[in-house]
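Inside the fold
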Amino acid sequence: MPPRKPKSGKSSAGSKGKGKKIQTQMEKQDLELSNQDHPEYIFPMVLTSATQELFDCQADEDVTGESPYKLLEKDDIIQDIKTRAAVSDFSPVKQIVLDYPEDELLLVYDRDFTYGQSFYLVLTPEAKDRILNPPKPEIPEVFENEVVKTPEPKPWIPLGSDKEIDEEAFKESRKKLLYKFSRVRKKFGVPVCFSDRNTADAKDDYLECASYRDSRFSIKQLQRDCGIQAVPRLQSSSAQTQWKFQKNIFTQYTPRELSVEEKENILHLENLKNFCNSVTPRVLQALQQEGIMNVFFDDWKALGSAAEDGDWAGKVSEGLMLHQAFTDQKYTKDKKICSINWHPTIYGVIAVALTDKKKEQLNESVVRASFILFYTFADPSNPQLLLECPDDIFAFEFCPSDPNIIVGGCVNGQVVLWDISAHVTCLQGTQPGKKVSVNTDVCDFNQDLDDSKEHKTPIVRYCAVSALESSHKAPITDVQWLPTTFEVTRTGLPVENMYNISSQLVTCSPDCTIMFWDVRVSKPMSHSASEMRPNTDQKTPYSTPDTFKHLDRTWKPLFKVFLPKIDTSGEYAPLKFNLEHYNCNDNTGRNTEANENGDSSKVIPDYSQLSVPLAQTLNALEDVNTKLYIGTEDGEIIYTDWKLGKDDSGRMQSAKPLHCFSIHHWLVNTVQRSPFFKDIILTMGSWNFAIWKEGVMDGPIILSASSEQVCTVGCWSLSRPAVFFIGKEDGSIEVWNLLVKTSEPVQVHSNVTNAKITCIKPWTASSKQHFLAVTDDIGMVRVFEIPKTLYVPSRSESLNVKKYFELEEDRLKDFLRREELWEIQKKKAEDLKKRTELDKPVNSLVENEEVNMKEYNDYLMLEESVLKGMGLWQAPAYTQDT
Amino acid sequence: MAGTKREEVEETLKRIEAHKGVIGTILVNAEGIPIRTTSDHHTTVQYARLLRSLTMMARSTVRDIDPQNDLTFLRIRTKKHEILVAPENDYLLIVIQNPCE
């Protein structure tokens with residue numbers, strides 16, 4: 001290449017000349033430095049533009065980034081070096097270039113300055129080759145390798161097993177021999193004749209080919225393993241079996257029985273005795289186990305049921321809660337309530353009898369109307385029905401078989417009957433759920449005594465009163481219906497009740513009589529009654545039911561029971577009485593039929609058609625308890641029989657009372673049987689109460705202490721056998737629970753009302769609603785709701801109460817017995833004392849004297865000894881000197 | 001002799017009957033026919049028939065489980081009372097007892 005020296009080259013050379021020096025110095029430094037960061041065969045260098053032109057390797061013109069390689073002739077470089085000597089760019093590599101074996105050197109344009117300069121020279125030819133001809137990248141020869149070759153079968157290398165197989169294999173050692181037998185042709189088709197021949201006859205006729213051991217060769221018997229498989233032969237097959245067992249069954253229409261003789265025979269057998277002997281111990285043990293304890297009793301469950309879980313949602317009221325209060329301004333002014341009854345069938349209906357407070361009649365001419373008021377829950381301030389009474393009523397009762405019949409006892413001794421069947425709808429209409437409009441329509445029919453515009457309370461007049469002359473002479477204080485289970489005859493004999501209706505009642509009065517009444521027509525009176533009937537028709541202007549027309553004003557009691565005193569003359573004045581309700585256990589066919597007929601619709605008999613049956617036609621009931629407990633004016637409790645007995649003169653006379661106890665000190669106001677026990681009676685006098693057991697004639701089994709307040713009335717709870725309520729004079733109610741405390745009440749609700757409590761009656765409306773109606777002296781009726789604690793009986797309460805009563809009974813008997821014993825002992829002690837007192841004074845005198853003498857003698861001796869000691873002893877005249 | 005045997009039997013049965021709570025006793029022979037009873041006829045026949053089959057079944061159950069075993073006593077406790085059945089080789093004694101509470 002001719003060297004060219006362009007101007008630019010010069011200038012650059014010039015400038016570069018100076019720079020070259022620096023550069024050469026720098027190159028040297030660079031060399032030193034670059035030795036460190038570039039490989040040995042690479043020599044970075046800077047080429048001036050003159051050099052670049054010279055060698056045609058101008059940057060970015062001849063060599064670019066893409067083709068950075070330039071081969072330079074070695075000779076050219078050497079010439080350049082010679083030409084420019086120190087100025088040449090190649091001077092630092094002069095020696096290397098001179099030593100370079102090949103002719104061409106590689107110059108690489110280092111655009112990116114990887115080795116520090118813009119160009120670099122490759123110093124070794126191998127590197128040159130390498131750079132110029134970079135080895136081709138290794139293409140992965142994957143495809144060739146991964147071609148799946150089918151595995152070629154390898155030649156089998158015998159390892160000795162083929163010999164064994166050869167040995168085991170069965171090969172024919174020689175060709176099979178073939179023998180062919182055939183008959184001569186000419187003998188084919190020749191008729192054959194057979195004959196019998198016995199082999200045993202001709203021994204030689206058969207040829208035996210017996211086996212023999214040939215000595216020429218011996219066949220060695222080899223043992224050969226042979227595999228055998230026993231395969232069971234499977235075969236499908238089916239069979240059918242019967243599903244059910246055949247069993248003997250028999251039916252029998254009548255049970256087999258043994259005749260009496262057969263039974264006797266069997267009973268005499270020996271083995272029966274053995275059986276009994278062996279079986280009895282087991283049975284007795286089992287029976288005893290049963291008696292000891294109940295193994296199946298679930299204590300856990302019982303614990304839960306006693307606590308009564310479920311309903312205790314927050315408010316648990318322990319005491320009586322006021323449910324409603326009834327009063328009526330018009331009718332109850334200046335009146336007190338003497339008697340109260342719940343309607344037996346209609347829910348929430350109470351009837352109260354009002355009487356005048358003032359005992360004297362001011363004016364006999366002015367007949368003050370007395371009423372029995374009916375209240376219902378729905379209307380607490382207005383009575384729904386009024387029963388008009390001829391006079392004040394002290395006691396009244398609903399008929400148990402027909403709740404529309406009400407009987408009342410008047411203050412003048414008459415017995416009054418009402419029939420409210422026409423007005424029952426008035427009471428029923430006010431039941432919850434029924435419309436009131438129906439109620440008023442029906443009520444409008446009746447005429448009223450008082451025309452109150454707002455509200456017409458129907459008044460029912462009484463349908464019958466008893467005859468004045470044959471009634472009681474004193475106010476009737478107690479009325480009871482006889483239950484439907486029996487009735488009584490004229491002599492007091494209890495007989496069967498054919499119709500199962502209550503048609504008889506008992507009244508008592510302080511005129512010392514108890515009267516039995518019958519509401520049916522009595523035969524001897526029928527004529528006079530029918531005569532009298534038209535008269536009474538004219539007299540009664542009001543519409544009254546005809547139910548008891550036959551009785552009106554002519555009614556006489558069946559019989560009377562007098563109560564003569566036991567010890568003295570005179571009679572008891574009964575105030576309250578109680579008879580035992582008889583439950584017939586054997587329901588004979590007749591009774592049940594009657595029940596079935598009458599169950600769906602209560603057959604209300606027509607009383608005027610019924611007549612008192614003759615005593616002979618009815619069967620007497622033997623086991624009816626005909627004894628009454630009666631409480632009198634003087635505080636005595638009498639136990640008497642109502643049956644009339646014949647006395648000496650042949651007349652029917654009341655028997656003398658069996659027992660009389662003076663327990664209470666004043667009027668007896670309650671005689672009530674417990675609803676749970678037939679023989680437990682509660683009687684209440686003025687300051688205390690007593691519980692009696694029928695049959696125990698010695699006294700009350702429980703007698704309470706006297707209380708401060710006068711007890712006015714008492715009643716048993718209907719659901720708990722141990723609970724009863726007492727009303728007091730100061731208007732408080734006491735709740736007694738015999739199982740908790742026997743000496744004081746469990747709860748006292750004081751100031752229930754301001755006045756004296758006159759009546760208490762409990763009622764069970766439903767299983768959750770138990771009411772207690774309390775009436776007082778000022779005419780108010782309060783209905784309380786009995787809380788759950790008081791109406792739910794505790795576990796086995798009735799059993800516990802029974803046990804308690806028995807315990808008390810035993811205690812009483814024991815006490816009485818002891819009393820007797822003490823009496824006897826006391827007497828004995830007194831006798832003994834009397835006898836011993838006579839001897840005592842004599843003995844004591846003698847003894848005393850002896851003692852005194854002895855003391856005196858001792859004193860004398862002492863005196864003697866002392867005086868002798870002092871020398872003052874003067875011998876007494878009569879003693880001897882020592 | 002027969003008379004005394006009879007009396008012994010009677011006495012034993014009376015002892016059982018007099019126990020507290022016993023309502024009735026029935027003595028049944030091998031075939032299920034009541035021999036002696038203290039309750040009414042209808043009840044007796046019913047009890048004898050039903051309890052005999054039940055006892056037989058109970059006994060066969062016991063013996064199936066263990067042939068050396070045998071039923072000695074069967075007690076059925078019901079809501080109202082307890083029935084005790086004592087089987088022996090030939091006879092069956094049924095006692096009905098009220099529980100103590």
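No experiment lies behind these values; they were computed from the predicted model shown.

Counting secondary structure elements, chain B contains two helices and five strands. The secondary structure elements of chain B, listed N-terminal to C-terminal, are α-β-β-α-β-β-β. Evaluated residue by residue, chain B yields a buried proportion of 43% over its 101 residues. Long-range pairs, those at least 24 residues apart, make up 37% of the contacts in chain B between residues at least 6 apart in sequence. Carbon and sulfur atoms provide 52% of the accessible area of chain B, an area that totals close to 5600 Å².

Secondary structure summary: chain A contains 16 helices and 37 strands in total. Residues classed as buried in chain A amount to 40% of the 882 residues present.

What follows deals with the interface of chain A and chain B. On the side of chain B, 38 residues touch chain A, which itself brings 31 residues to the contact. Counting each side, the surface lost to burial between chain A and chain B is near 3400 Å², with a carbon and sulfur contribution of 65%. When the buried surface of chain A facing chain B is broken down by residue, Phe 275, Leu 287 and Glu 290 of chain A rank first, second and third, together holding 20% of it. At the surface where chain A touches chain B, the tally comes to two salt bridges. In this structure, Glu 8 of chain B engages Lys 273 of chain A in a salt bridge whose closest nitrogen and oxygen atoms are separated by 3.6 Å. Secondary structure elements with two or more residues in the side of chain A that touches chain B: α8 (260–267) and α9 (270–292) of chain A.

This part takes up the side chain of Arg 720 of chain A. Residue position: Arg 720 of chain A is located in the loop between β31 (711–716) and β32 (723–728). Among residues more than four places away in sequence, those in contact with Arg 720 of chain A are Phe 676, Asn 737, Thr 789, Leu 790, Tyr 791, Val 792, Pro 793, Ser 794 and Glu 797 of chain A.

Residue and element names in this part refer to chain A. Mapped onto the fold, Arg 673 is located in strand β27 (residues 670–673). The buried category is assigned to Arg 673, whose relative accessible area is 11%. Polar side-chain contacts of Arg 673 include one of 3.0 Å to the backbone oxygen of Lys 678. A polar atom in the side chain of Arg 673 sits 2.6 Å from the side chain of Glu 694. Ignoring sequence-local partners within four residues, the contact set of Arg 673 consists of Asn 578, Leu 579, Glu 580, Lys 627, Tyr 629, Lys 678, Ile 680, Ile 681, Glu 694 and Trp 716.

Glancing now at the nonpolar core. The tendency in soluble globular proteins is for nonpolar side chains to be buried as a group. Counting 23 residues, the largest nonpolar core has Phe 275, Val 283 and Leu 287 of chain A together with Leu 93 and Val 95 of chain B as the members making the most contacts within it. The next biggest cluster of nonpolar side chains, apart from the first, holds 22 residues, and it includes Ile 393, Ile 406, Cys 410 and Leu 427 of chain A.

What follows concerns α9 of chain A. One full turn of an α-helix is made of 3.6 residues, so residues set three or four places apart face in the same direction. Compared with the 33 Å implied by 1.5 Å per residue over 23 residues, the 34 Å span of α9 of chain A between its first and last C-alpha is a close match. Every buried residue of α9 of chain A is accounted for by Leu 272, Lys 273, Phe 275, Cys 276, Val 279, Thr 280, Val 283, Leu 284, Ala 286, Leu 287 and Glu 290 of chain A.

Looking now at a nonpolar patch on the surface. A cluster of nonpolar side chains, Ile 292, Met 293, Val 295 and Phe 296 of chain A, forms an exposed patch at the surface whose accessible area comes to about 470 Å². Among the residues examined, Met 293 of chain A registers a relative accessible area of 47% and is labelled partly exposed.

Pairing between the strands of a sheet comes from backbone hydrogen bonds, and it takes one of two forms, parallel or antiparallel. All names here are of chain A. Read across the open sheet, the four strands follow the order β10-β11-β12-β14; overall the sheet is antiparallel. Two strands bound the open sheet, and with one partner strand each, they are β10 (393–398) and β14 (464–465). When strand β12 (residues 415–419) meets β14, the two strands line up antiparallel, connected through two bridges. Bridge pairing links Leu 417 to Ala 464 in β14.

What follows deals with helix α5 (residues 125–132) of chain A. Residue and element names in this part refer to chain A. Residues of α5 that are buried include every one of Pro 125, Ala 127, Lys 128 and Ile 131, and no others. What you see down the axis of α5 is that its buried residues fit within an arc of 155 degrees, all on one side. Where α5 is buried, its residues meet β1 (42–45), β2 (69–73), β3 (104–109) and β4 (119–122).

Residue and element names in this part refer to chain A. Sheet architecture is open: four strands sit in the order β1-β4-β3-β2, paired in antiparallel fashion. Single-partner strands in this sheet number two, and they are β1 and β2. Ignoring which end each strand starts from, the neighbouring axes of this sheet average 30 degrees apart. Sheet topology note: the β3/β4 ladder contains four bridges and is antiparallel. Within β4, the position partnered with Tyr 109 by the bridge is Phe 119. Of the strands in this sheet, β2 and β3 touch helix α3 (residues 74–84), which is tilted by about 70 degrees from β2.

Thresholds applied
Residues numbered from 1 in each chain as written. Chains lettered and ligands numbered in written order. Predicted model: local features only at pLDDT ≥ 70, side-chain atom pairs only at ≥ 80, totals over all residues. Heavy atoms only, no water. Helix = DSSP H or I, 4+ residues; strand = E, 2+ residues; numbered from the N terminus. Buried < 20%, exposed > 50% of the residue type's maximum accessible area, 1.4 Å probe, protein only. Contact = heavy atoms within 4.5 Å. Areas by Shrake-Rupley, 256 points an atom, 1.4 Å probe, with all protein chains shown as cover. Buried area = accessible area lost by both parts, 1.4 Å probe. Salt bridge = Lys/Arg side-chain N within 4 Å of Asp/Glu carboxyl O. Polar contact = N/O pair within 3.5 Å; in protein donor to acceptor, adjacent residues only side chain to side chain. Core = buried A, V, L, I, M, F, W, Y, C linked by side-chain atoms within 4.5 Å. Expected span 1.5 Å × (residues − 1). Patch = residues over 30% accessible without salt bridge, like charges linked within 9 Å, V, L, I, M, F, W, Y side chains within 5 Å. Pairing = 2+ DSSP bridges. Arc of directions from axis to C-beta. Axes fitted to C-alpha atoms, helices over the stretch in contact; angles between N-to-C directions.

Shape is all these values report; function is a separate question.
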